[in-house]
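The lines below spell out each chain.
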Amino acid sequence: TRNKAIGVCCVIGFLCIFNLIYHLYYHHSIEHHLIENLSVSADRYSRTLQSNIDYLMEIDEAHRVQDMIMNIGTEEGIDDIEILDHFGIIKASTRPDMIGQKRNPDEDACQTCHMSQAKTRPNTLTVCDMSNRKVIRRVNAIRNRKECYECHEKDVQVLGVLVTDFIYHEQGSIFTSEMVF
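One structure accompanies this document, and this report is about it. Everything quoted here is computed from the prediction, not taken from an experiment.

## Quick notes on the overall build of the protein chain
For step 1, the next point in the chain: Looking only at helices and strands, one finds 3 helices and 5 strands in the protein chain.
For step 2, the next point in the chain: Of all 181 residues assigned to the protein chain, the portion counted as buried reaches 35%.
For step 3, the next point in the chain: With an accessible surface of roughly 12200 Å², the protein chain has 57% of that area assigned to carbon and sulfur atoms.

See below:
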(Lines give C-alpha, C1' and ligand atoms only; values in the text may rest on other atoms or scores of the structure.)
Protein backbone atom coordinates (compact mmCIF):
# COMPACT_ATOMS: atom_id res chain seq x y z
CA THR A 1 0.00 0.00 0.00
CA ARG A 2 2.92 2.32 0.67
CA ASN A 3 4.18 1.83 -2.91
CA LYS A 4 0.68 2.56 -4.24
CA ALA A 5 0.54 5.80 -2.22
CA ILE A 6 3.95 6.88 -3.56
CA GLY A 7 2.82 5.99 -7.10
CA VAL A 8 -0.40 8.00 -6.71
CA CYS A 9 1.56 10.96 -5.32
CA CYS A 10 4.00 10.79 -8.25
CA VAL A 11 1.14 10.71 -10.77
CA ILE A 12 -0.63 13.61 -9.04
CA GLY A 13 2.65 15.57 -8.86
CA PHE A 14 3.33 14.91 -12.56
CA LEU A 15 -0.21 16.02 -13.48
CA CYS A 16 0.15 19.19 -11.40
CA ILE A 17 3.48 20.07 -13.04
CA PHE A 18 2.10 19.28 -16.51
CA ASN A 19 -0.99 21.40 -15.78
CA LEU A 20 1.17 24.31 -14.57
CA ILE A 21 3.42 24.19 -17.65
CA TYR A 22 0.42 23.96 -19.95
CA HIS A 23 -1.30 26.97 -18.36
CA LEU A 24 1.88 29.08 -18.41
CA TYR A 25 2.40 28.28 -22.10
CA TYR A 26 -1.29 28.92 -22.88
CA HIS A 27 -1.26 32.27 -21.04
CA HIS A 28 1.96 33.34 -22.78
CA SER A 29 0.57 32.30 -26.17
CA ILE A 30 -2.70 34.21 -25.65
CA GLU A 31 -0.88 37.30 -24.39
CA HIS A 32 1.51 37.22 -27.36
CA HIS A 33 -1.41 36.91 -29.80
CA LEU A 34 -3.28 39.71 -28.02
CA ILE A 35 -0.27 42.04 -28.18
CA GLU A 36 0.16 41.30 -31.90
CA ASN A 37 -3.49 42.18 -32.58
CA LEU A 38 -3.32 45.30 -30.43
CA SER A 39 -0.14 46.35 -32.22
CA VAL A 40 -1.92 46.20 -35.58
CA SER A 41 -4.73 48.41 -34.26
CA ALA A 42 -2.23 50.79 -32.65
CA ASP A 43 -0.35 51.02 -35.94
CA ARG A 44 -3.47 51.92 -37.90
CA TYR A 45 -4.60 54.47 -35.33
CA SER A 46 -1.16 56.12 -35.17
CA ARG A 47 -0.82 56.28 -38.96
CA THR A 48 -4.20 58.02 -39.15
CA LEU A 49 -3.11 60.48 -36.48
CA GLN A 50 0.15 61.12 -38.31
CA SER A 51 -1.69 61.72 -41.59
CA ASN A 52 -3.82 64.35 -39.87
CA ILE A 53 -0.72 66.02 -38.45
CA ASP A 54 0.94 65.99 -41.88
CA TYR A 55 -2.15 67.58 -43.39
CA LEU A 56 -2.25 70.36 -40.79
CA MET A 57 1.42 71.09 -41.44
CA GLU A 58 0.92 71.17 -45.23
CA ILE A 59 -1.93 73.68 -45.02
CA ASP A 60 0.12 75.86 -42.65
CA GLU A 61 -2.07 75.12 -39.63
CA ALA A 62 0.68 73.78 -37.34
CA HIS A 63 -0.77 75.75 -34.45
CA ARG A 64 -3.80 73.41 -34.51
CA VAL A 65 -1.74 70.24 -33.90
CA GLN A 66 -1.76 70.72 -30.11
CA ASP A 67 -5.56 71.14 -30.07
CA MET A 68 -5.98 68.01 -32.19
CA ILE A 69 -3.71 65.99 -29.89
CA MET A 70 -5.60 67.22 -26.82
CA ASN A 71 -8.93 66.20 -28.41
CA ILE A 72 -7.73 62.78 -29.56
CA GLY A 73 -6.04 62.22 -26.20
CA THR A 74 -9.45 62.16 -24.53
CA GLU A 75 -10.49 59.07 -26.52
CA GLU A 76 -10.93 55.88 -24.54
CA GLY A 77 -7.86 53.70 -24.85
CA ILE A 78 -5.38 56.55 -25.35
CA ASP A 79 -2.94 57.06 -22.50
CA ASP A 80 -0.62 59.71 -23.92
CA ILE A 81 0.43 61.34 -27.19
CA GLU A 82 3.62 63.32 -27.75
CA ILE A 83 5.41 64.83 -30.70
CA LEU A 84 9.15 65.20 -30.18
CA ASP A 85 11.49 67.06 -32.52
CA HIS A 86 14.77 65.47 -33.63
CA PHE A 87 16.48 66.91 -30.51
CA GLY A 88 13.99 65.08 -28.23
CA ILE A 89 12.13 68.24 -27.21
CA ILE A 90 8.39 67.75 -26.70
CA LYS A 91 6.56 70.02 -29.14
CA ALA A 92 3.00 68.80 -28.53
CA SER A 93 1.50 66.59 -25.85
CA THR A 94 -1.70 65.48 -24.18
CA ARG A 95 0.04 66.81 -21.07
CA PRO A 96 0.64 70.51 -21.90
CA ASP A 97 2.98 70.94 -18.91
CA MET A 98 5.44 68.62 -20.73
CA ILE A 99 5.73 70.86 -23.81
CA GLY A 100 9.24 72.26 -24.10
CA GLN A 101 10.82 69.57 -21.92
CA LYS A 102 13.53 67.35 -23.37
CA ARG A 103 13.18 63.58 -23.25
CA ASN A 104 16.25 61.72 -22.10
CA PRO A 105 16.91 58.69 -24.34
CA ASP A 106 18.57 57.03 -21.32
CA GLU A 107 15.20 56.70 -19.51
CA ASP A 108 14.08 53.09 -19.10
CA ALA A 109 10.97 53.63 -21.27
CA CYS A 110 13.17 55.09 -24.04
CA GLN A 111 15.98 52.54 -23.79
CA THR A 112 13.74 49.74 -25.01
CA CYS A 113 14.05 51.29 -28.47
CA HIS A 114 17.24 53.33 -28.24
CA MET A 115 19.44 50.37 -27.32
CA SER A 116 19.09 49.11 -30.91
CA GLN A 117 19.93 50.66 -34.27
CA ALA A 118 17.25 52.89 -35.80
CA LYS A 119 16.65 50.55 -38.76
CA THR A 120 16.01 47.54 -36.50
CA ARG A 121 13.88 49.23 -33.82
CA PRO A 122 10.35 47.97 -33.41
CA ASN A 123 7.66 50.60 -34.04
CA THR A 124 5.22 49.06 -31.58
CA LEU A 125 6.11 47.51 -28.25
CA THR A 126 4.91 47.00 -24.71
CA VAL A 127 6.64 49.24 -22.17
CA CYS A 128 6.08 50.73 -18.75
CA ASP A 129 5.33 54.44 -18.95
CA MET A 130 6.60 57.15 -16.59
CA SER A 131 3.95 56.09 -14.03
CA ASN A 132 5.14 52.47 -14.31
CA ARG A 133 1.94 51.35 -16.04
CA LYS A 134 2.06 48.86 -18.89
CA VAL A 135 1.21 50.51 -22.23
CA ILE A 136 1.36 49.65 -25.91
CA ARG A 137 3.70 52.30 -27.34
CA ARG A 138 3.66 53.15 -31.03
CA VAL A 139 6.47 55.35 -32.36
CA ASN A 140 6.15 56.85 -35.84
CA ALA A 141 9.07 58.70 -37.39
CA ILE A 142 8.05 62.06 -38.84
CA ARG A 143 10.05 62.04 -42.06
CA ASN A 144 11.12 65.11 -43.96
CA ARG A 145 9.45 65.28 -47.39
CA LYS A 146 9.43 67.78 -50.25
CA GLU A 147 6.28 69.35 -48.81
CA CYS A 148 8.24 70.10 -45.62
CA TYR A 149 11.20 71.90 -47.22
CA GLU A 150 9.55 75.28 -47.05
CA CYS A 151 9.89 75.24 -43.26
CA HIS A 152 12.52 72.52 -42.63
CA GLU A 153 16.05 71.99 -43.91
CA LYS A 154 16.33 69.45 -46.74
CA ASP A 155 19.27 67.56 -45.25
CA VAL A 156 17.36 66.49 -42.10
CA GLN A 157 15.78 63.09 -42.83
CA VAL A 158 13.70 62.67 -39.66
CA LEU A 159 12.06 65.77 -38.20
CA GLY A 160 10.93 64.01 -35.05
CA VAL A 161 8.65 61.28 -33.77
CA LEU A 162 5.01 60.82 -32.89
CA VAL A 163 4.78 58.70 -29.72
CA THR A 164 1.36 57.29 -28.90
CA ASP A 165 0.75 55.23 -25.75
CA PHE A 166 -2.35 53.06 -25.66
CA ILE A 167 -3.74 51.75 -22.38
CA TYR A 168 -3.02 48.06 -21.95
CA HIS A 169 -5.52 46.07 -19.93
CA GLU A 170 -4.48 42.57 -18.89
CA GLN A 171 -8.01 41.33 -19.41
CA GLY A 172 -8.00 41.97 -23.08
CA SER A 173 -8.14 45.17 -25.01
CA ILE A 174 -6.81 48.68 -25.30
CA PHE A 175 -9.61 49.74 -27.60
CA THR A 176 -13.36 49.83 -27.43
CA SER A 177 -15.17 48.22 -30.32
CA GLU A 178 -15.68 51.66 -31.88
CA MET A 179 -11.94 52.34 -32.03
CA VAL A 180 -10.74 49.11 -33.66
CA PHE A 181 -10.03 49.64 -37.34
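## Quick look at a nonpolar patch on the surface
For step 1, the next point in the chain: A surface patch of nonpolar side chains, amounting to about 440 Å² of accessible area, comprises Val-11, Phe-14, Leu-15 and Phe-18.
For step 2, the next point in the chain: With respect to the helices and strands, the residue Phe-18 is situated in helix H1 (residues 2-58).
For step 3, the next point in the chain: Taking the relative accessible area as the measure of exposure, Phe-18 reaches 51% and is therefore exposed.

## Describing the sheet that holds strand S1 (residues 78-85)
For step 1, the next point in the chain: The strand order across the open sheet built from 5 strands is S2-S1-S5-S4-S3, with neighbouring strands paired in antiparallel fashion. Across the chains shown, the open sheet's two edge strands, defined by having one partner strand only, are strand S2 (90-93) and strand S3 (124-128). Along the sheet, successive strands turn relative to each other by an average axial angle of 25°, direction set aside.
For step 2, the next point in the chain: Sheet analysis places S1 next to S2, joined by 3 bridges and oriented antiparallel. In the strand pairing of S2, Ile-83 is matched with Ala-92.
For step 3, the next point in the chain: Each of S1 and S2 touches helix H2 (residues 65-72); the most contacted strand, S2, lies at about 45° to it.

## Concerning the pairing of S1
For step 1, the next point in the chain: Buried residues dominate S1, accounting for 7 of its 8 residues.
For step 2, the next point in the chain: The pairing of S1 with strand S5 (residues 158-167) spans 7 bridges and is antiparallel. Each bridged residue has a counterpart across the sheet, and for Ile-78 the counterpart in S5 is Phe-166.
For step 3, the next point in the chain: Joining the antiparallel neighbours S1 and S2 is a turn of 4 residues, in which Gly-88 adopts a positive phi near 90°.

Here is what the cut-offs are and how they apply
Residues numbered from 1 in each chain as written. Predicted model: local features only at pLDDT ≥ 70, side-chain atom pairs only at ≥ 80, totals over all residues. Heavy atoms only, no water. Helix = DSSP H or I, 4+ residues; strand = E, 2+ residues; numbered from the N terminus. Buried < 20%, exposed > 50% of the residue type's maximum accessible area, 1.4 Å probe, protein only. Areas by Shrake-Rupley, 256 points an atom, 1.4 Å probe, with all protein chains shown as cover. Patch = residues over 30% accessible without salt bridge, like charges linked within 9 Å, V, L, I, M, F, W, Y side chains within 5 Å. Salt bridge = Lys/Arg side-chain N within 4 Å of Asp/Glu carboxyl O. Pairing = 2+ DSSP bridges. Axes fitted to C-alpha atoms, helices over the stretch in contact; angles between N-to-C directions. Contact = heavy atoms within 4.5 Å.

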